[in-house]
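Chains, contacts and geometry: an overview
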Amino acid sequence: MTEEEKAMRIVHGHVKWFDPAKGFGFIVSDEAESDILLHANVLRNYGQNSVADGATITVRVQQSPRGVQAVEVVSVQAPAGAIVTLADEGTLMTAEEVAALPLAPARVKWFDKAKGFGFANVFGSNDDVFIHVEVLRVSGFADLQAGEAVCLRIIDGKRGRMAVQVASWEAAARGER
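Report follows, based on the coordinates. No experiment lies behind these values; they were computed from the predicted model shown.

Counting secondary structure elements, the protein contains five helices and 12 strands. At a minimum sequence separation of 6, the contacts of the protein that also span at least 24 residues come to 53%. For the protein, the exposed area adds up to about 9,600 Å²; of that, 51% sits on carbon and sulfur atoms.

Spelled out as structure tokens, the structure:
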């Protein structure tokens, strides 16, 4: 093990803020003396292009001349207290009900954070799946990029198919919720 690897440690915290346009954000943790820099490349290596403010995150960090930086994301959980509300459907789904739905591999067609929604296509189907910004937030994401590979848990709503959970492609492959 190199000296650099020995200097790394695992830290648990919460995302203070993350801006995909700027390409970075910060994590706060009681285990670190200062905020921890989270660079977009480190997050992308985990399989996500964004992360929601307030999401619980576990990272491997190291000290650099500019401060503590995340070098690897170990896990991300949606912000505490997040529940899926389906206002248009008149239905509430528990986390257990959502987790029981199968994960469908999909590619983001487009997503506009300002409008608060977007669409994806499940592999092998041309049908659009609606993705609401609130579903992103409770899934631990802040934004999606066109062409991004994700996994979705989908229901058939009154106006068509809609995602009730979004997971990164890599997280789904690792068997995470």
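Alright, that's what it looks like, and here's the rest.
What follows covers the pattern of salt bridges. The tally for this structure, following the rule as stated, stands at five salt bridges. Note that Glu 72 and Arg 60 form a salt bridge whose closest N and O atoms lie 2.9 Å from each other. Of the two residues, Glu 72 sits in strand 5 (residues 67-77) while Arg 60 sits in strand 4 (residues 56-64), which places them 12 residues apart along the sequence. Take Glu 72: its relative accessible area is 37%, and that puts it in the partly exposed class. According to the relative accessible area criterion, Arg 60 is partly exposed, its value standing at 29%. The residue Arg 161 makes a salt bridge to Asp 156 at a minimum N-O spacing of 4.0 Å. Arg 161 gets classed as partly exposed once you look at its relative accessible area, which sits at 29%.

Before going further, it helps to examine the side chain of Ser 29. As for its placement among the helices and strands, Ser 29 is situated in the loop between strand 2 (24-28) and strand 3 (36-39). A polar contact is formed between the side chain of Ser 29 and the backbone nitrogen of Glu 31, at a distance of 3.0 Å. Excluding its chain neighbours within four sequence positions, the residues that come into contact with Ser 29 are Val 11, His 12, Gly 13 and Ile 36.

On to the packing of aromatic side chains. Going through the model one piece at a time under the given rule, you end up with eight aromatic pairs. Between Phe 24 and Phe 26, the ring centres sit 6.0 Å apart and the planes meet at 85°, which makes this aromatic pair edge-to-face. Look at Phe 24 and you get partly exposed, because its relative accessible area is 26%. Look at Phe 26 and you get partly exposed, because its relative accessible area is 23%. Ring centres of Phe 119 and Phe 130 lie 5.7 Å apart, and the angle between their planes is 70°; on these two criteria the pair is classed as edge-to-face. Placement of Phe 119 in strand 9 (residues 117-122) and of Phe 130 in strand 10 (residues 128-132) is noted, with a sequence separation of 11 residues between them. Of the residues examined, Phe 119 reaches a relative accessible area of 21% and is grouped as partly exposed. Every member of this aromatic cluster is reached through a ring pair, and the members are Trp 110, Phe 117, Phe 119 and Phe 130.

Moving on, we come to the environment of Phe 117. Along the polypeptide, Phe 117 turns up in strand 9. Its relative accessible area of 25% is what places Phe 117 among the partly exposed residues. The spatial distance from the C-alpha of Phe 117 to the C-alpha of Leu 136 is 9.2 Å, given a sequence separation of 19 residues. Excluding its chain neighbours within four sequence positions, the residues that come into contact with Phe 117 are Trp 110, Phe 111, Asp 112, Phe 130, Ile 131, His 132 and Val 133.

Quick notes on the rules
Starting from 1, residues in each chain are numbered consecutively following that chain's sequence as written. Local features in this predicted model are restricted to residues whose pLDDT is 70 or higher, and side-chain atom pairs enter the listing and the counts only when it is 80 or higher, whereas totals over whole chains, interfaces and linings include all residues. With hydrogens and water set aside, each side-chain value is computed from the structure's full complement of heavy atoms. Think of it this way: any DSSP run of H or I at least four residues long counts as a helix, any run of E at least two long counts as a strand, and we number them from the N terminus. Any two residues whose heavy atoms approach within 4.5 Å are treated as being in contact. All accessibility values rest on the Shrake-Rupley procedure with a 1.4 Å probe; residue burial counts only the protein chains present in the view. Salt bridges are defined as contacts in which a side-chain nitrogen from Lys or Arg sits within 4 Å of a carboxyl oxygen from Asp or Glu. We call a residue buried when its accessible area falls under 20% of the maximum for its residue type, exposed when it is over 50%, and partly exposed in between, using a 1.4 Å probe and counting protein chains only. Counting of polar contacts relies on pairs of N or O atoms within 3.5 Å, with two restrictions inside protein: one atom must be capable of donating a hydrogen and the other of accepting it, and residues adjacent in sequence are counted only when both atoms are side-chain atoms. Any Phe, Tyr or Trp ring, taking Trp's six-membered ring, that has another such ring centre within 6.5 Å forms a pair; planes under 30 degrees apart are called stacked, those over 60 apart edge-to-face, and the others tilted.

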